Amino acid sequence: MSQPRETVETNVLGLESGLEALQESPAFSGPVESLEEHESHDHLASIYNSQAEQFATAIPYIEHGLERGERCVYIADENDTEEILDALREQGVDVETALESGALVMYTAQESYLRNGAFDPDEMIAFISETIEEGADAYEGVRIIGEMTWVFGDDPPLEKLVEYEGKLNEVLPDANGIALCQYNRERFPPEIIRDIIKTHPHLVYENTVCQNFYYTPPEEFFGPDQPEREIDRMMGTLLDRTEARAELEHQRQHLQRQNEIAGDPVRSFEEKLDDLFELGCERFDLELGGLARVDPSTDSFEVEAVHGNHEQLRPGAQAPLSETYCRSTVDGDGIANVVDPVHCGFGNTLAYEEFGVQTYLGTRIELENAPDRTFFFVSTESRDQEFSDAERTFHHLMSQWVTYELERKQRERALEESNERLEQFAYAASHDLQEPLRMVTSYLRLLESRYGDQLDGDAEEFLGFAVDGAERMREMIDGLLEYSRVETGGDPFEPVALDGVLEEVLEDLQFQLEENDAEVTTAELPRVEGDASQLRQVFQNLLSNAITYSGDEPPEVDVTVTRRGREWVLSVRDSGIGIDPEDQERIFTVFDRLHSQEEYDGAGIGLALCERIVERHGGDIWVTSEPGEGSTFSFTLPVADEP
């Protein structure tokens, strides 16, 4: 609650504190614009359509003033004073204490605006000045909140009201007070509301505080050149709005173009980066865009890619980082820009003296386990203004995409290197195991042929286990060798008719199909780009498994295909034993088997090989199944381009 000023720390009262009240109030839901556009004149107008809307502004405004140790003077007309006091009580204000201490003062229009029987602008200005002077002696400042509907009588002084509002703008800046004038839009004629808008630098309307785009200073509004100045202001407004709309349209077009570049699925990173450089040069009106490796610890700078012509700034060009404008991206955070090289301390650098760079906009891209980069745009021509927030934001968005792509390429390289090492290891291991395994198998068979008659039943059984184990190990080594060579040992992609591939697979499985009384139905399959031999392996593994895991009933297998956008979905459905959902990820792991060797024969590598082949072709493979209800193995392949 407000107390005399000696109990509260001195704080100059201005419109900022009034707007602060609205920002903090839960009753006031709209945005509050900053005060940068106009001199505030400590004068605010609230234009409302209902009492609820009026009080959403006025009540928090008063409450905040009382909390700050200010005197609040309310001039009531449209509302009864008790209505206003009740609204303050509902807000939690100790109204009785505020009234008793003098922190809250209530007037009617007859006691203020019309205290001499009629409204006179100069008399009211004198009243406002005296009220502020009196309150400022004992309080931190004075807030005056006035309801303006008193204007409407037998002879409404509308022109005098506008004159008064303009003069109030001249008084308040030098006084320790602020004013909130309240206008009911339903009561005032549109032409008066228009003039009220023109005479208030800031407006409250529909729970929003706005900088008044149409504000006219008093000396212009009441001066002899008012019509001419209003025309100038109107034309200036039209020009500003046209330029702003044009700038927004340019921003939209550039953002759309950036998204198109980044989202192109066909072009390489290098091609996209060059397009991005070109777009940035156009957006910032600069000559050259570039990407460079930087290392502050060794003071090194090396150009990696550029768009634009410059004798020194070419791919591979090197310079001390400290001699380039890019050092500013290392010294500070965020985006660095230079439009006055000498003033910014670059006057004696290589970039300024030899490269002739006058303007720079760039940022640092920090990478893990790889050299950092700077993403920049430069020009040998000077620029007469700083880069705008919109330009800096656009540069930031571009650099984010470049960062993501560099990180992705780094991960891909690391994965490729890891895969290559694994392939080399798997190939070497499986290849080197072939010879000793052949020797073991050969000697076991030699032992069986020479001494088989001398072995008892147990010895023959043990020998059979050894031979069988060696044979299964050979199958596993062959499978591992085949798995490791999917990438390096595959054939180049070419058009493949999947109908022909499936027909060959069914011929190879003819004996197994007849032996199990299996029935296979197939749809017409498409042509794709791929390795025919590897795709044959996929179909053979999936069909063979469908027959093997058919259960007690004769196998029924259905091969289907559907198109999903730019890919084919091929499926092999069976009516067999099914797979528990918890085990469906395991089946694609090398050597991870769900059944014992006695139940079902196999090396446990077929589905892992299928997955590797499908991934090489740019697709995915998965299974949908429930125990006892069969399984559907599906995999995708890209749609081939039309010839």
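Within an unreviewed UniProt entry, the label attached to the protein reads histidine kinase, and the organism entered is Natronobacterium texcoconense. Per UniProt, the protein carries the Catalytic activity (unreviewed entry) text "ATP + protein L-histidine = ADP + protein N-phospho-L-histidine."

Participant: Please explain the pattern of salt bridges as it appears in this structure.
Facilitator: Any two side chains of opposite charge can pair if their charged atoms end up close together. Applying the stated rule across the entire model yields 20 salt bridges. Across the salt bridge formed by Glu304 and Arg373, the nearest N and O atoms sit 2.6 Å from each other. Of the two residues, Glu304 is situated in strand E9 (residues 300–307) and Arg373 in strand E13 (residues 372–379); the sequence distance between them amounts to 69 residues. Judged by its relative accessible area of 6%, Arg373 is buried. Among the salt bridges present, the one from Asp558 reaches Arg573, with a minimum N-O distance of 3.5 Å. Remark: Arg573 occurs in strand E18 (residues 567–574) and Asp558 occurs in strand E17 (residues 556–564); sequence separation between them is 15 residues.

Participant: What am I meant to see in the nonpolar core here?
Facilitator: Within soluble globular proteins, side chains that are nonpolar generally end up buried alongside one another. Within the largest apolar cluster, 37 residues are counted, with the highest numbers of intra-cluster contacts made by Leu498, Leu525, Phe539, Leu543, Leu570, Phe633 and Phe635. Looking at this core, the elements with two or more residues in it are helix H15 (498–508), helix H17 (532–548), E17, E18, helix H18 (606–616), strand E19 (621–625) and strand E20 (631–638). Examining the composition of this core, we find that 7 residues originate from one element, H17, more than from any other. Setting aside chain neighbours within four positions, we find Leu570 in contact with Leu498, Leu525, Pro526, Phe539, Thr560, Val561, Phe633, Ser634, Phe635 and Leu637.

Participant: So what exactly am I meant to see when it comes to the sheet that holds strand E10 (residues 318–320) here?
Facilitator: The 6 strands are arranged E10-E9-E8-E13-E12-E11 in an open sheet whose pairing can be described as antiparallel. In this open sheet, the two edge strands, each paired with only one partner strand, are E10 and strand E11 (335–338). The mean inter-strand angle of the sheet, taken between neighbouring strand axes irrespective of direction, is 25°. Here 7 bridges tie strand E12 (residues 359–365) to E13, and the two strands are oriented antiparallel to one another. Among the inter-strand pairings, Thr359 is bridged to a residue of E13, identified as Ser379.

Participant: When you look at the sheet that holds E19 in this model, what are you seeing that I'm missing?
Facilitator: Judged by pairing direction, the sheet is mixed, and its 5 strands sit side by side in the order E15-E17-E18-E20-E19 without closing on themselves. Edge positions in the sheet fall to strand E15 (519–522) and E19, since each has one partner strand and no second. Across the sheet, the axes of successive neighbouring strands diverge by a mean angle of 20°, strand direction being ignored. Both E18 and E20 contribute to a ladder of 7 bridges, which runs antiparallel. Its bridge partner being in E20, Glu567 is matched across the sheet by Pro638. Seen against the sheet, H15 touches E15, E17, E18 and E20 and runs at an angle of roughly 175° to E15. Along the sheet face, H17 touches E15, E17, E18 and E20 and points at about 170° away from the line of E20.

Participant: How should the side chain of Ser571 be read in this particular structure?
Facilitator: With respect to the helices and strands, the residue Ser571 is situated in strand E18. Take Ser571: its relative accessible area is 12%, and that puts it in the buried class. Separated by 2.8 Å, the side chains of Ser571 and Ser634 make a polar contact. When near neighbours in sequence (up to four residues on either side) are disregarded, Ser571 contacts Asp558, Val559, Thr560, Thr632, Phe633 and Ser634.

Participant: What should I look at first to understand helix H2 (residues 51–67) in this one?
Facilitator: A rise of 1.5 Å per residue sets the reference length of H2, with its 17 residues, at 24 Å; its end C-alpha atoms lie 24 Å apart and thus fit the reference within 8%. For H2, a buried count of 14 out of 17 residues is recorded, marking the element as mostly surrounded by other parts of the structure. Count one or two residues on from H2 and you reach Gly69, which has phi positive near 80°.

Participant: What is the right way to read the pairing of E19 from this model?
Facilitator: Look at any regular strand and the pattern is simple: side chains alternate between the two faces of the sheet. By the alternation rule, side chains of E19 split into Ile621, Val623 and Ser625, which are all buried, and Trp622 and Thr624, of which none is buried. Bridging between E19 and E20 involves 5 bridges; their strand directions are antiparallel. Its bridge partner lying in E20, Ser625 is registered against Ser631. Hairpin geometry of E19 and E20 is characterised by an intervening segment of 5 residues between the two adjacent antiparallel strands and by a positive phi of about 80° at Gly628.

Participant: Help me understand the packing of aromatic side chains, please; the structure alone is not making it clear to me.
Facilitator: The relation between two aromatic rings is expressed through the spacing of the ring centres and the mutual angle of the planes. Following the criterion strictly, the structure yields 19 aromatic pairs and no others. When the centroid spacing of 5.3 Å and the interplanar angle of 70° are considered together, the rings of Phe284 and Phe377 count as edge-to-face. One end of the pair, Phe284, is in helix H10 (residues 269–284); the other, Phe377, is in strand E13, and 93 residues separate them in sequence. For the pair formed by Phe284 and Phe377, the shared burial category is buried. On the numbers, 6.3 Å between centres and 20° between planes, the contact of Tyr360 with Phe376 is stacked. Pair noted here: Tyr360 is in strand E12 and Phe376 is in strand E13, with a separation of 16 residues, a long-range link. With a relative accessible area of 2%, Phe376 lands in the buried category. Counting every residue linked through ring pairs, the aromatic cluster contains Phe277, Phe284, Phe375, Phe377, Phe387 and Phe394. Note that Arg283 overlies the ring of Phe394, its terminal NZ or CZ placed 5.8 Å from the centroid. When the ring centre of Trp568 is taken as reference, the NZ or CZ atom of Arg563 above it lies at 5.6 Å.

Participant: What am I meant to see in H15 here?
Facilitator: Residues spaced three or four apart along an α-helix point in a common direction, a consequence of the helix completing one turn every 3.6 residues. Those residues of H15 that fall on the buried side of the exposure criterion are Leu498, Val501, Leu502 and Val505. All buried residues of H15 fall inside an arc of 95° around its axis, so they share one side.

Participant: Please explain the packing of H17 against H18 as it appears in this structure.
Facilitator: Two packed helices can be described by the angle between their axes and the distance between those axes. Close contact between H17 and H18 brings their axes to 9 Å; oriented N to C, the two are set at 145°. Between H17 and H18 lies a crossing of left-handed hand. Contact residues: H17 offers Gln534, Leu535, Gln537, Val538, Asn541, Leu542 and Asn545, while H18 offers Gly606, Leu607, Leu609, Cys610, Ile613, Val614 and Arg616. Across the contact of H17 with H18, the residue classes tally to 8 nonpolar, 5 polar and 1 charged.

Participant: What exactly am I supposed to notice about the environment of Pro201 here?
Facilitator: Inspection of the secondary structure puts Pro201 in the loop between helix H7 (190–198) and strand E6 (202–205). Here the alpha-carbon distance between Pro201 and His43, two residues 158 residues apart in the chain, equals 7.1 Å.

Participant: Explain the packing of H15 against H17 to me, please; I cannot follow it from the model alone.
Facilitator: Contact geometry of H15 with H17 gives a least axis separation of 9 Å together with a crossing angle of 50°. The orientation of H15 relative to H17 falls into the category oblique. Here the hand of the crossing between H15 and H17 comes out right-handed. Here Leu498, Val501, Leu502, Glu504, Val505, Leu506 and Asp508 of H15 lie close against H17, whose contacting residues are Ala532, Leu535, Arg536, Phe539, Gln540 and Leu543. Residues of the contact of H15 with H17, tallied by class, amount to 9 nonpolar, 1 polar and 3 charged.

The rules behind each value
Residues numbered from 1 in each chain as written. Predicted model: local features only at pLDDT ≥ 70, side-chain atom pairs only at ≥ 80, totals over all residues. Heavy atoms only, no water. UniProt positions renumbered as here; feature names shortened; annotations may be inferred. Salt bridge = Lys/Arg side-chain N within 4 Å of Asp/Glu carboxyl O. Helix = DSSP H or I, 4+ residues; strand = E, 2+ residues; numbered from the N terminus. Buried < 20%, exposed > 50% of the residue type's maximum accessible area, 1.4 Å probe, protein only. Core = buried A, V, L, I, M, F, W, Y, C linked by side-chain atoms within 4.5 Å. Contact = heavy atoms within 4.5 Å. Pairing = 2+ DSSP bridges. Axes fitted to C-alpha atoms, helices over the stretch in contact; angles between N-to-C directions. Polar contact = N/O pair within 3.5 Å; in protein donor to acceptor, adjacent residues only side chain to side chain. Expected span 1.5 Å × (residues − 1). Phe/Tyr/Trp six-rings, centres within 6.5 Å; stacked < 30°, edge-to-face > 60°. Lys NZ or Arg CZ within 6 Å of the ring centre and 35° of its normal. Arc of directions from axis to C-beta. Left-handed = near helix turned anticlockwise from the far one by under 90°. Nonpolar A, V, L, I, M, F, W, Y, C, P; charged D, E, K, R; others polar. Parallel < 35°, antiparallel > 145°, perpendicular 65-115°, else oblique.

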